[in-house]
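# Fold and contact review
Listed below are the residues making up each chain.
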Amino acid sequence: MPAALKFTGDAKDLTLDELAEFVKAARAAGVPGGNPIRAELSMSQKIKEIQVAVDVDRT
């Protein structure tokens, strides 16, 4: 599995500000813009965890 950048919310669910920090960190790490983002959702369909491969994601 390739190296991945992973974020979780400070509380149970990820906030918009935390999502913005994720995008900022991914851009700073040089993550290709075409890489898909994977997310784990809560039962209420809120984002609990989000991750993206640091290198080109060929999966």
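Up top is the structure.
Residues numbered from 1 in each chain as written. Predicted model: local features only at pLDDT ≥ 70, side-chain atom pairs only at ≥ 80, totals over all residues. Heavy atoms only, no water.

The subject of this paragraph is the packing of aromatic side chains. Within this structure, the stated rule accounts for one aromatic pair. Consider the rings of Phe 7 and Phe 22, whose centres lie 5.4 Å apart with planes at 80°: the pair is edge-to-face. Of this pair, Phe 7 sits in strand E1 (residues 4–8) while Phe 22 sits in helix H1 (residues 16–28), placing them 15 residues apart in sequence. For Phe 22, a relative accessible area of 2% corresponds to the buried category. (Phe/Tyr/Trp six-rings, centres within 6.5 Å; stacked < 30°, edge-to-face > 60°. Helix = DSSP H or I, 4+ residues; strand = E, 2+ residues; numbered from the N terminus. Buried < 20%, exposed > 50% of the residue type's maximum accessible area, 1.4 Å probe, protein only.)

Attention now moves to H1. The end-to-end C-alpha distance of H1 is 18 Å, a good match for the 18 Å that 13 residues give at a rise of 1.5 Å each. Taken as a whole, H1 has its buried residues at Glu 18, Phe 22 and Ala 26. Axial view of H1: buried residues confined to an arc of 80°, hence all on one face. Along H1, the residues that are exposed and aim more than 90 degrees away from the buried face are Leu 16, Asp 17, Lys 24, Arg 27 and Ala 28. Packing partners of the buried residues in H1 comprise E1, strand E2 (37–41) and strand E3 (47–53). The first or second residue beyond H1 is Gly 30, which carries a positive phi of 80°. (Expected span 1.5 Å × (residues − 1). Arc of directions from axis to C-beta. Contact = heavy atoms within 4.5 Å.)

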